[in-house]
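Examination of the molecular architecture
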Amino acid sequence: GESVGLHLPTLSVQEGDNSIINCAYSNSASDYFIWYKQESGKGPQFIIDIRSNMDKRQGQRVTVLLNKTVKHLSLQIAATQPGDSAVYFCAENSVNYGGSQGNLIFGKGTKLSVKP
Amino acid sequence: DSGVTQTPKHLITATGQRVTLRCSPRSGDLSVYWYQQSLDQGLQFLIQYYNGEERAKGNILERFSAQQFPDLHSELNLSSLELGDSALYFCASSGHHRGRTTPLHFGNGTRLTVT
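Residues numbered from 1 in each chain as written. Chains lettered and ligands numbered in written order. Predicted model: local features only at pLDDT ≥ 70, side-chain atom pairs only at ≥ 80, totals over all residues. Heavy atoms only, no water.

**Description of the overall build of chain A**
Formally: Comment: elements are numbered from the N terminus, with helices defined as DSSP H or I runs of at least four residues and strands as E runs of at least two. Think of it in three bands: residues with accessible area under 20% of the maximum for their type are buried, residues over 50% are exposed, and the middle band is partly exposed, with areas taken using a 1.4 Å probe on protein chains only. Between two residues, a contact is recorded if the distance between any of their heavy atoms is within 4.5 Å. All accessible-area figures derive from a Shrake-Rupley calculation using a 1.4 Å probe, and residue coverage is judged against the displayed protein chains alone.
Helix and strand counts for chain A stand at zero helices and ten strands. Reading the helices (α) and strands (β) of chain A from amino to carboxyl end gives β-β-β-β-β-β-β-β-β-β. Within chain A, the proportion of its 116 residues that are buried is 46%. Restricting the contact set of chain A to residue pairs at least 6 apart, pairs at least 24 apart contribute 54%. With the model as given, the accessible surface of chain A reaches about 5,600 Å², and the carbon-plus-sulfur share is 48%.

**Some points on the confidence of the model for chain A**
Low pLDDT marks stretches whose predicted atomic positions should not be read closely. The criterion, for reference: What pLDDT reports is the predictor's confidence in each residue, on a scale of 0 through 100.
For chain A, per-residue confidence averages 87 on the pLDDT scale, and 86% of positions sit at 70 or higher. Considering only residues more than four positions removed or in separate chains, one finds that residues 1-5 of chain A, a stretch of pLDDT under 50, has 18 contacts.

**Focus: the state of the cysteines**
Residues and elements named next belong to chain A. Convention followed: When two cysteine sulfur atoms lie within 2.5 Å, the pair is treated as a disulfide.
All chains considered together, the criterion is met by two disulfides over all chains. Paired by a disulfide, Cys-23 and Cys-90 hold their sulfur atoms 1.6 Å apart. Given an S-S torsion of about 40°, the disulfide between Cys-23 and Cys-90 has right-handed geometry. Of this pair, Cys-23 sits in strand 2 (residues 19-24) while Cys-90 is found in strand 8 (residues 86-93), placing the two residues 67 residues apart along the sequence.

**Quick look at the interface of chain B and chain A**
Put simply, the rule reads: Note on definitions: buried area is the accessible-area loss of two parts on being combined, 1.4 Å probe, summed for both. Should a side-chain nitrogen of Lys or Arg be within 4 Å of a carboxyl oxygen of Asp or Glu, the pair is scored as a salt bridge. Nitrogen and oxygen atoms within 3.5 Å of one another constitute a polar contact, given that in protein one can donate a hydrogen and the other can accept it, and given that sequence-neighbouring residues count only through two side-chain atoms. Polarity classes work like this: nonpolar for Ala, Val, Leu, Ile, Met, Phe, Trp, Tyr, Cys and Pro, charged for Asp, Glu, Lys and Arg, and polar for all others, with Gly in that last group.
Tallying the contact residues gives 24 residues for chain B and 23 residues for chain A. Summed over both partners, the interface of chain B with chain A buries about 1,700 Å², with 54% contributed by carbon and sulfur atoms. Our count for the chain B to chain A interface comes out at zero salt bridges. At the surface where chain B touches chain A, the tally comes to four residue pairs in polar contact (both at pLDDT 80 or more). With four residues, the top contributor of residues to the side of chain B that touches chain A is strand 5 (residues 42-50) of chain B. Looking at the side of chain B that touches chain A residue by residue, the classes come out as ten nonpolar, eleven polar and three charged.

**Brief notes about the layout of surface pockets**
To keep it simple, the criterion reads: A cavity, in this analysis, means grid points on a 1 Å lattice covering only the protein atoms where a 1.4 Å probe fits yet has no way out; a pocket is instead an open set bounded by protein on both sides within 12 Å along at least five of seven lines, and a residue lines either one if it has an atom within 4 Å of a point. Grid points are joined across faces, edges and corners, and a volume is the space filled by probe spheres set on the points.
The computed volume of the largest pocket comes to approximately 1,200 Å³. Considering the residues around the largest pocket, the lining is formed by 43 residues, among which A:Gln38, A:Lys42, B:Gln37, B:Leu88 and B:Phe90 are closest to the centre. The set of elements that each furnish at least two residues to the lining of the largest pocket consists of strand 3 (32-38), strand 4 (45-51) and strand 8 of chain A together with strand 1 (5-7), strand 4 (31-38), strand 9 (87-94), strand 12 (105-106) and strand 13 (110-114) of chain B. Among the elements that take part in the lining of the largest pocket, strand 13 of chain B stands out by supplying four residues, more than any other. Of the residues that constitute the lining of the largest pocket, the class distribution is 14 nonpolar, 20 polar and nine charged. Here the second largest pocket is characterised by a volume of approximately 550 Å³. Lining the second largest pocket are 27 residues, with A:Phe46, A:Ile47, A:Ile48, A:Asp49 and A:Arg57 sitting closest to its centre. Taken together, the elements giving at least two residues each to the lining of the second largest pocket come down to strand 3, strand 4, strand 5 (56-58) and strand 7 (72-77) of chain A together with strand 11 (100-101) of chain B. Per element, the largest residue contribution to the lining of the second largest pocket is seven residues, and it comes from strand 4 of chain A. Partitioning the lining of the second largest pocket into residue classes produces eleven nonpolar, nine polar and seven charged.

**Observations regarding the pattern of salt bridges**
All names here are of chain B. One pass over the full model with this rule turns up five salt bridges over all chains. In this structure, Arg-63 and Glu-82 form a salt bridge, with 3.7 Å as the shortest nitrogen-oxygen distance. Taken together, the residues Arg-63 in the loop between strand 6 (53-57) and strand 7 (64-68) and Glu-82 in the loop between strand 8 (74-78) and strand 9 connect sequence positions 19 residues apart. For Glu-82, a relative accessible area of 44% puts it in the partly exposed group. Residues Asp-85 and Arg-63 are paired through a salt bridge, measuring 2.8 Å at the closest nitrogen-oxygen approach. Linking Asp-85 in the loop between strand 8 and strand 9 with Arg-63 in the loop between strand 6 and strand 7, this pair joins segments that are 22 residues apart in sequence. Here the two residues Asp-85 and Arg-63 agree in accessibility, since each one is buried. Through salt bridges that share partners, Arg-63, Glu-82 and Asp-85 make up one connected network.

Right, dumping it as structure tokens:
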């Protein structure tokens, strides 16, 4: 889910559990989606991306699922670790910016808190 | 480490002033992007340069401008600063690999405080 300003949605999980972070995107014409992790004091760090011709993509401990019918994106983190605690952003490519892959529209973020 | 370097890390200045933020992209990346992150607006795309030329513009104010130099580093110039310009400014870069644009890699940002 998305939120505005200081009221980031927070997901709290126990270490070792799986985490699922959800994101609703806005533009049905977007064809590229990406997840970033941002730790305090740092820039967004690339996690995984997916193109609209796919509905699932797996990385190391992470899986991204794309449901174009309902414009929904999710990030699954397996065996969540304390080091996964951060704010997670989904982003979509907006064709309004000429379709360049780097001109991204970011969601407001979800804060993941991992309890040891 | 993303390989994208931004300086300075922190900048404090007064309203009406002008500042320059600097970015060095990852080695080999030709595209540089500037983003602004504020509490109320989140991460917003400002502008993109590719190999020295402006490629795309986003929500960039007329008081802001950028350029990319022959060595591919980029500068973001913010002038007539207002309190509302206080934010984190991120630079990101991307390149090409096997015919596709690589994902954006971000620097650690410059925190601008306008007093």
